[in-house]
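Fold and geometry: a report
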Amino acid sequence: MKNLPQLIAMSCIALGSVAFAHGDDHYRKKPGATHEDHASALGQPGDPNKVSRTVEITMTDAMRYSPPSVAVKRNETIRFVLKNEGKLKHEMVLGTIRELKEHAALMLKFPEMEHADPNQASVEPGKTGELVWQFTKAGSFDFACLQPGHYEAGMKGQVMVVGVVAPAAQGVPAPAKQGDMVVAQASAADMTDGEIRKVDKDTKKITIKHGEIKNLDMPGMTMLFQVKDPLMLDAVKPGDKVKFTAERVGGALVVTEIQVAK
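Because the structure is predicted, anything quoted here is derived from the model rather than measured.

Our focus in this paragraph is the sheet that holds strand 3 (residues 64-66). Two orientations exist for strands paired in a sheet by backbone hydrogen bonds: parallel and antiparallel. Read from one edge of the open sheet, five strands run 1-8-5-2-3, paired in mixed fashion. Of all the strands in the sheet, the pair left with one neighbour each is strand 1 (44-45) and strand 3. By the bridge criterion, two bridges tie strand 1 to strand 8 (residues 128-134) in an arrangement that is antiparallel. Looking at the pairing, Pro 45 lines up with Trp 133 of strand 8.

What follows is the structure, given as structure tokens:
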């Protein structure tokens, strides 16, 4: 029994070591899984020597990011420069809405927990931090501050990643290649040809001169459309030749997918 105090001390050290690292087994949903694994749905940690461009984001005690949304191209490596203008610690964590909600709940339960994954960066008050990430998959992704209570107060944002595809032949989508930007990879046979005439980010609307929209039984004309996601407007400009899909949503005509060709 003389070794009992040593055994107790060793046990306490082992238990204490699981409470603070965000990727520890204590918080994993399955053996070997980490939050970096979950973030692989967004892409992968970026090489600081291969940064495509830098995006500056400010964080404030009003529990907001500025800007709250960012548009990038698929395969771009982005350096996020994070400026904490508040008096509280803030962070940027990339993930899906489900993952971010789960992590935020854990932070409320374990406020002493510290993040240690490449898909996040924590910044002390008045300081500047960096997060480098390569977005390898197209789609809408999310980020948030998971400091206790910050996510619940609305400190969240979105990254819209526009993909790349080659022109399709005979209605069959071709393999993706660098050069043609898309918001979603739909079959060309289901899309309408058009030309962008005007992009109005203030009203979140887009004017397209288009051919027949078969699913709406609409002849070719020039029309003003709403867009499913305002970030779509960052992927196009007047004069672009496009393929797009449009639907009736809540009494409005809405562009739901758009592809820009060379």
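Now that the structure is up, let's keep going.
Glancing now at the pairing of strand 14 (residues 221-227). Pairing between strand 13 (residues 205-210) and strand 14: six bridges, direction antiparallel. The residue bridging Lys 209 from the neighbouring strand is Thr 222, located in strand 14. As defined by bridge partners, strand 14 adjoins strand 16 (residues 252-260) across two bridges and the pair is classed as parallel. Bridging from a neighbouring strand, Val 227 pairs with Val 255 of strand 16.

What follows covers the confidence of the model for the chain. For the chain, the average pLDDT comes to 75, and 71% of its residues sit at 70 or higher. pLDDT under 50 marks residues 7-38. Its contacts with residues more than four places away, or in other chains, come to 42 contacts. Here residues 164-186 is a poorly scored stretch, pLDDT under 50, and it has 55 contacts once near neighbours within four places are set aside; other chains count.

Here the amide bond leading from Ser 66 into Pro 67 is cis, since omega sits at 0 degrees, within 30 degrees of zero. If you trace the backbone, Pro 67 turns up in the loop between strand 3 and strand 4 (69-73). Unlike most non-glycine residues, Met 63 shows phi in positive territory, near 65 degrees. Here Met 63 lies in the loop between strand 2 (53-60) and strand 3. Judged by relative accessible area, which is 11%, Met 63 ranks as buried. A positive phi is found at Asn 75, a non-glycine position, where the angle reads about 80 degrees. Within the secondary structure layout, Asn 75 lies in the loop between strand 4 and strand 5 (77-84).

This part is about the packing of aromatic side chains. Going through the model one piece at a time under the given rule, you end up with three aromatic pairs. The interplanar angle of 85 degrees and the centroid separation of 6.2 Å between the aromatic rings of Phe 80 and Phe 135 together place this pair among those described as edge-to-face. Here Phe 135 lies in the loop between strand 8 and strand 9 (139-144) and Phe 80 lies in strand 5, a separation of 55 residues in the sequence. One exposure class covers both Phe 80 and Phe 135, and it is buried. Centre to centre, the rings of Phe 225 and Phe 244 are 5.7 Å apart; their planes meet at 65 degrees, and the pair counts as edge-to-face. Taken together, the positions of Phe 225 in strand 14 and Phe 244 in strand 15 (residues 241-249) put the pair 19 residues apart, joining distant regions of the chain.

Going through the model one piece at a time under the given rule, you end up with 10 salt bridges. In this structure, Arg 53 and Glu 76 form a salt bridge, with 3.0 Å as the shortest nitrogen-oxygen distance. With Arg 53 in strand 2 and Glu 76 in the loop between strand 4 and strand 5, this residue pair connects regions lying 23 residues apart in the sequence. Taking relative accessible area as the criterion, Arg 53 reaches 30% and is therefore assigned partly exposed.

The rules we used
- Going along each chain's sequence as written, the residues are numbered from 1 onward.
- Only residues with pLDDT of at least 70 get local features here, since the model is predicted, and only at 80 or more are side-chain atom pairs given and counted; chain-wide, interface and lining totals rely on the full set of residues.
- Only hydrogens and water are removed before side-chain values are computed, so all heavy atoms of the structure are retained for them.
- When DSSP finds two or more bridges between a pair of strands, those strands are recorded as paired.
- Strands are runs of DSSP state E lasting at least two residues, helices are runs of H or I lasting at least four, and both sets are numbered from the N terminus onward.
- Think of pLDDT as the predictor's per-residue confidence, scored from 0 to 100.
- Contacts are assigned to residue pairs that have any heavy atoms within 4.5 Å of one another.
- Buried residues are those whose accessible area, probed at 1.4 Å on protein chains only, stays under 20% of the maximum for their type, while exposed residues exceed 50% and partly exposed ones sit between those limits.
- Working definition: rings of Phe, Tyr and Trp (its six-membered ring) pair if their centres are within 6.5 Å, and the pair is stacked with planes under 30 degrees apart, edge-to-face with planes over 60 apart, and tilted otherwise.
- Counted as salt bridges are all cases of a side-chain nitrogen of Lys or Arg within 4 Å of a carboxyl oxygen of Asp or Glu.

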